[in-house]
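Results of the structural survey
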Amino acid sequence: MIRKEMIAMLLAGGQGSRLGVLTANVAKPAVAFGGKYRIIDFPLSNCINSGVDTVGVLTQYRHLRLNTHIGIGIPWDLDKNHGGVTLLPPYEKSDSSDWYSGTANAIFQNLEFIENYNPEYVLILGGDHIYKMDYEMMLDFHKAKGADVTIACMPVPWEEASRFGVVIAGEDGNIKDFEEKPPKPSSNLASMGIYIFTWKVLKEALIALKDQPGCDFGMHVIPYVHEKTHNCYCYEFNGYWKDVGTLGSYWEANMELIDIVPEFNLYEEFWKVYTNNDIIKPQYFSENAVVEKCIVGEGAEIYGTIENSVIGDGVVIEEGAVVRNSIIMQNAYIGRNTVVDKAIIAEAVKVGEGCHLGVGEYAPNVYNPKVYAFDLVTISEHSVIPDHVSIGKNTAIVGETTPEDYPDGLLASGQVIIKAGETA
Amino acid sequence: MRAIGIVLAGGNSSKMGILAEKRAVSAMPVAGSYRSVDFALSNMSNSHIQKVAVCTQFNARSLNQHLNSSKWWDFGRKQGGLFVLTPTITLENDSWYRGTADAIYQNMDFLKDSHEPYVIITSADCVYKMDYNKMLEQHIAKKADITVAYTHVPEHGDDLRRFGVLTMDEDGRIREFEEKPETADSSIINAGIYVIRRRLLIELLEKANSENRYDFVKDILVRYRETRLIYGYELKGYWSNIATVDSYFNTNMDFLRRDVRDYFFGDYDGIYSKIEDQPPAKYNPGASMKNALVSSGCIINGKVENSVLFRKVYVGANCVIRNSIILNDVYIGDNTVIENCIVESRGTIKANEVYKGEPGNIRIVIEENDRYRI
C-alpha cells in the first residue's frame, strides 16, 4: 500500500439548523453558494490545490445531494487510482450501530479508513466555511514545530471574539489555554475548526476517549491532547475566511462577491474553485434586461432587472421582474412583473407573476426569531409561490403554496408557511 | 451497440480567412461555451454511440487539446471510447489524408476491429442536434445501402453554392447529387451525416482506394447513386455549417434567439464540452446588456449589444460592443468601440480604440498586444 503523508477528513454531517429552511432537505455543505458553487466546493478545492489528494467526507444528515454532487470526485480531480474522495456515512456494526454522535466520534468510527492509508498526519476540516487556504503551508508549520496538533486560527475584532472559541498562545505559537465563547476574551485568535493532527497522537486520543458521549474535537480531543503533552500550536491565517452558518452571514458572504474588487476573489487563476456543473451553456440578457452589480451563473436567462444580486446557474428572470439584494439559487424561476427585495430563494423555486417579496415593516419571526432575522425572505428549494401574492420580511416558506395560504394575498412580516409533509 | 461513430474534423476552409490560422474549423468556438466539434460528439453520446473516432489533420493542436479527455462527452468507458485518428506514416502509406474517404480508409483497422454492424459518419463543422438512432432505424427499414441526412438551406440565406444539392424520388431515394452547383432547382442539401453498414463501407473504401479515389461524396455517393440504394433522411430542426466567416458569424448570432437556445439546451439531452471551471460572470457598475450571450468568467464594465461573448472576456469601462463576437480570453481596455467584428481569442485590445466592420462584411480583429494582467 502506498503511504499517504496526510489525508483530510471533511466533516459534512451536520444539518446547519441556523440556515433554517435552506437546510430542510440538504446538509449545509451542499447548500448553493456564489451562483454556481456549493459550500463544500471550497474545502474540497483547497484540498486538491494544496496537494491533499485523499479526502474522507463524513456524511450523516440528508446526504443525497452531497453524494450526487461529489460522486467519484471528478470535478476536483479527486478520482484517483489510490486515494481520492470517499463518502463515509455511519454504518452498522456487529456489536453496536451508532450514528455519529460528535465530530471526533465520527472520525473514531472511521479509524479503519484512515489506517488504510497509514498517514503520518490527518487534516480535520469542516464543510461550512468560505475560504482559500494552502493546507500544505500549515503542514510545513506543523512539522517545523514538531507539534501534536496544529489549530488554524484567525485574528478577529476584539469585540467579536466572545462569539468564538479562542486560543491563548505564546510568541512561538505554542498554545497555553483555550476559552470557549469567553465573555471577557484574553485573546482574539479564533479557532477556525481546521486541525492538523499527528496521526498516532489523534489515534491514541480517539481510543482513549471512545466512551465519551458526543465526543467532539473542540470540547474533548484537543483539551485531552493539550493536557497530556502541551504540544499544541496555533497557525495564524490572515486571508478571507467567512462562516456562513446563519442566514445573515450567508447572505452577506454572497453579497461580498459582487463588490467591484471582491475581498474573496474567484477570478484568480492560480487557486481555482472547482464544482460539479455539467451545464455550461452561456447566459442570456434580453433586449429589455437591466443589470447592475451582479454575478450571474451559467445558462441564466435574464429578461427583467437584476440589481446587487447573486444569480445561480439556469435561473430565469422573466420580463418586468425586478430582483434586488437577493440570492437566487440554481434553476429558480421568477415570473413576470414580480418584485423580489432581499430574499434568499433556494434551488428550483418557482415564483409566480406579479408577486412582491420583502414588503412591509419589520416584525420578528413567530416560528424561530433567532434564525429568521436580518429582514430576509427565505424560500426553501422546490417551493412554489402562486401569482399575485405579497410576502413580508423575516418570513420563511416551504412547499408548494397556493393562493389559499395567503389570506388577502399577503404573508405578513414574521410569518411562516410550512406545507404539510414538509419540515423546516 | 449497433453503431460506431466517425467524426470528420480534418478539414480546412479557406473561407474562414485568418480565423483558420489558429485552429481547424471543427475547433471554432460556437455559442459562447462550446466548440463546433462538441455538437457532433454530444449527438453521438446522446445517441448512446460509445465508440467514436475523430479524424483530425489540418491545424489540429487546438482541437486535440480540446479532446484531451473523453470524459466530457461521457466516452471514458471500458467498452468503446474516444479515438483521435491523425494521419500516420506506415510501411504501406506515406501520405496525408487525401480526402474524406481516404481519412477513413487510412484507419481501416478501426473499422475492421469493431464488431458493431453500422457506422455513423458526420462532419464536425456543423451545428445541429440529432438522434442518430432514428436515422439508423429508417436506414434499416428502407434496406438502404447508404442513408444521407438532408436539410434545407439555413434560414439566414446561406450560399447554396457551397453545398451538395440532392434530388430525391417519391420514395426518398436519392437520384441526383450536384456538388456546389452554380444554380440549383432544389434547396435540399446534404447535411454531411451518413449511415452505412460497416462491411459495406470497408468494401467501398477498399475499392475506391484501389482506383486512387479519395473523396466520400464524389467517389462513393455520386459514383454509386445508380447502383446502390442511397436514401435521404430529413434532419428536422436547426442545422448550420460554420465553415465560412459569414455563416460562422450568423450561426453564433442565431443563439441570441430563445427558440434556438431552447432547442439545443432546453431539454435534458444537452450539448457537452470541456469544463473550464470559470467563475460566474460578473457585472460591475456601468455594465449594460442588451440581447447578449455571455459565458462564465467574463467581467463586464461597459455596454454590450447584440453580441456573443465567449469565456473570460474582460470589457473595460465605457466600452461599446455591438453586433460582434468576442472569442475567449480577450481583454478589452476602457472606452473602446467594437462594431460588426469577430475578435480573435486570447487577444488584448487597447483602450480608446475603434474597430468597425460593416453588416455583411464582418471585420476580423487579431491583436497581439502584451497582455495586461488583472
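Because the structure is predicted, anything quoted here is derived from the model rather than measured.

**Details of the overall build of chain B**
Tallying secondary structure elements over chain B gives nine helices and 26 strands in all. Against the 2.2 N^0.38 benchmark of 21 Å for 374 residues, chain B shows a C-alpha radius of gyration of 21 Å, consistent with a compact globule. Dimensions of chain B, computed from C-alpha atoms along their principal axes, come out at roughly 65 × 45 × 40 Å. Looking at chain B residue by residue over its 374 residues, the buried ones come to 61%. Taking contacts inside chain B between residues at least 6 apart in sequence as the whole, the part at least 24 apart equals 59%. Of the roughly 15,400 Å² of accessible surface on chain B, a fraction of 45% belongs to carbon and sulfur atoms.

**Details of the packing of aromatic side chains**
Within the structure shown, the criterion is met by 28 aromatic pairs over all chains. Here Y34 of chain B and F265 of chain B contribute two aromatic rings whose centre-to-centre distance is 5.3 Å and whose plane-to-plane angle is 15°, an arrangement assigned as stacked. Taken together, the residues span a long stretch of sequence, with Y34 of chain B in strand β3 (residues 34-35) and F265 of chain B in helix α9 (residues 258-266) at a distance of 231 residues. Each residue in the set Y34, F39, Y238, F255, Y263, F264 and F265 of chain B is aromatic and connected to the rest through ring pairs, giving one cluster. When the ring centre of F264 of chain A is taken as origin, the NZ or CZ atom of K132 of chain A, which lies over that ring, is 5.4 Å away.

**Some remarks on the pattern of salt bridges**
A complete count under the given rule lists 43 salt bridges over all chains for this structure. R163 of chain A is the salt-bridge partner of E160 of chain A, the closest N and O atoms lying 3.4 Å from each other. Assessed through its relative accessible area of 33%, E160 of chain A is described here as partly exposed. Judged by its relative accessible area of 54%, R163 of chain A is exposed. Notably, a salt bridge pairs E211 of chain B with R213 of chain B, separated by 3.3 Å at the nearest N-O pair. Classification of E211 of chain B by relative accessible area gives partly exposed; the value is 30%. Judged by relative accessible area, which is 29%, R213 of chain B ranks as partly exposed. What emerges from the salt-bridge pattern is a single network uniting E269 and K272 of chain A together with K312, D329 and R346 of chain B.

**Some details on the packing of helix α6 (residues 199-208) of chain A against helix α7 (residues 217-229) of chain A**
Residues and elements named next belong to chain A. Following both chains from N to C, one finds α6 and α7 inclined at 115°, their axes separated by 10 Å at the closest point. With respect to the hand of their crossing, α6 and α7 are arranged in right-handed fashion. Each of V201, L202, E204, A205, L206 and A208 in α6 lies in contact with α7, whose residues at this interface are F217, V221, Y224, V225 and K228. Among the residues making up the contact of α6 with α7, the classes are represented as nine nonpolar, no polar and two charged.

**With respect to the domain arrangement of chain B**
Residue and element names in this part refer to chain B. For chain B, the assigned domains read domain 1 (3-265) and domain 2 (282-365). Placing the centre of domain 1 and that of domain 2 at their C-alpha centroids yields a distance of 32 Å. On the domain 2 side, the residues contacting the 20 residues of domain 1 number 23 residues. Together, the buried faces of domain 1 and domain 2 total about 1,700 Å²; carbon and sulfur atoms form 67% of this surface. When the buried area of domain 1 at its contact with domain 2 is split by residue, G32, F249 and L256 rank highest and sum to 32% of it. Here domain 1 and domain 2 share one salt bridge between them. In this structure, E344 engages R23 in a salt bridge whose closest nitrogen and oxygen atoms are separated by 2.6 Å. Joining domain 1 to domain 2, the criterion identifies five residue pairs in polar contact (both at pLDDT 80 or more).

**Remarks on the interface of chain B and chain A**
Contact with chain B, which involves 36 residues of that partner, is made by 42 residues of chain A. Each partner contributes to the roughly 3,100 Å² buried at the junction of chain B and chain A, and carbon and sulfur atoms together form 52% of this total. The three residues of chain B that bury the most area against chain A are D277, P280 and Y283 of chain B, which together make up 20% of that side's buried surface. Applying the counting criterion to the chain B and chain A interface returns three salt bridges. Counting every contact that joins chain B to chain A gives 23 residue pairs in polar contact (both at pLDDT 80 or more). Mapped onto the side of chain B that touches chain A, the elements with two or more residues apiece are α9, β14 (281-283) and β15 (288-294) of chain B.

**Examining the side chain of S383 of chain A**
All names here are of chain A. Along the polypeptide, S383 turns up in the loop between β26 (377-379) and β27 (384-385). Among the polar contacts listed, one links the side chain of S383 to the backbone oxygen of S380, at a separation of 2.7 Å. Within the structure, S383 has its side chain in polar contact with the backbone nitrogen of G399 (distance 3.1 Å). Leaving out residues up to four positions away in the same chain, S383 has contacts with A348, V349, K350, I397, V398 and G399.

**Here we look at the pairing of strand β9 (residues 165-169) of chain A**
All names here are of chain A. Two strands pair when backbone bridges link them, and β9 and strand β10 (residues 175-180) are joined in this way by five bridges, in the antiparallel orientation. Bridge assignment links I168 to a residue of β10, and that residue is D177. Here β9 folds back onto β10 in antiparallel fashion, the turn holding five residues, of which G173 has a positive phi close to 95°. Looking at chain direction, β9 and strand β11 (residues 189-198) are connected through two bridges and run antiparallel. Its bridge partner being in β11, V166 is matched across the sheet by A190.

**Quick look at the pairing of β15 of chain B**
Successive residues of a regular strand alternate their side chains across the two faces of the sheet. Among the seven residues in β15 of chain B, five count as buried, and that is most of the element. Here strand β14 (residues 283-285) of chain A pairs with β15 of chain B via three bridges, running antiparallel. Paired with Y284 of chain A across the bridge in β15 of chain B is L293 of chain B. Here six bridges tie β15 of chain B to strand β17 (residues 303-309) of chain B, and the two strands are oriented parallel to one another.

**What about the side chain of N291 of chain B?**
Tracing the sequence through the fold places N291 of chain B in strand β15. On the accessibility criterion, N291 of chain B (13% relative accessible area) is buried. Within the structure, the side chain of N291 of chain B is placed 2.4 Å from the side chain of Y284 of chain A, a separation counted as a polar contact. Those residues in contact with N291 of chain B that sit more than four places away from it in its chain are Y284, F285, S286 and E287 of chain A together with L256, E305, N306 and S307 of chain B.

**Re the state of the cysteines**
All names here are of chain B. In this structure the tally under the stated criterion is zero disulfides over all chains. Looking at C55, it has no disulfide partner, and the nearest cysteine sulfur is the one in C126, 15 Å off. Accessibility expressed as a relative area gives 3% for C55, which makes it buried. The thiol of C319 is unpaired, and the distance to the nearest cysteine sulfur, on C341, comes to 13 Å. For C319, a relative accessible area of 1% gives the class buried.

**Concerning helix α1 (residues 41-49) of chain A**
Of all the nine residues making up α1 of chain A, eight are buried; the element is thus mostly covered by neighbouring parts of the structure. Directly beyond the C-terminal end of α1 of chain A, a positive phi value near 80° is found at G51 of chain A.

Conventions adopted
Residues numbered from 1 in each chain as written. Chains lettered and ligands numbered in written order. Predicted model: local features only at pLDDT ≥ 70, side-chain atom pairs only at ≥ 80, totals over all residues. Heavy atoms only, no water. Helix = DSSP H or I, 4+ residues; strand = E, 2+ residues; numbered from the N terminus. Rg over C-alpha atoms; globule rule 2.2 N^0.38 Å. Buried < 20%, exposed > 50% of the residue type's maximum accessible area, 1.4 Å probe, protein only. Contact = heavy atoms within 4.5 Å. Areas by Shrake-Rupley, 256 points an atom, 1.4 Å probe, with all protein chains shown as cover. Phe/Tyr/Trp six-rings, centres within 6.5 Å; stacked < 30°, edge-to-face > 60°. Lys NZ or Arg CZ within 6 Å of the ring centre and 35° of its normal. Salt bridge = Lys/Arg side-chain N within 4 Å of Asp/Glu carboxyl O. Axes fitted to C-alpha atoms, helices over the stretch in contact; angles between N-to-C directions. Left-handed = near helix turned anticlockwise from the far one by under 90°. Nonpolar A, V, L, I, M, F, W, Y, C, P; charged D, E, K, R; others polar. Domains from an automatic or database assignment. Buried area = accessible area lost by both parts, 1.4 Å probe. Polar contact = N/O pair within 3.5 Å; in protein donor to acceptor, adjacent residues only side chain to side chain. Pairing = 2+ DSSP bridges. Disulfide = S-S within 2.5 Å.

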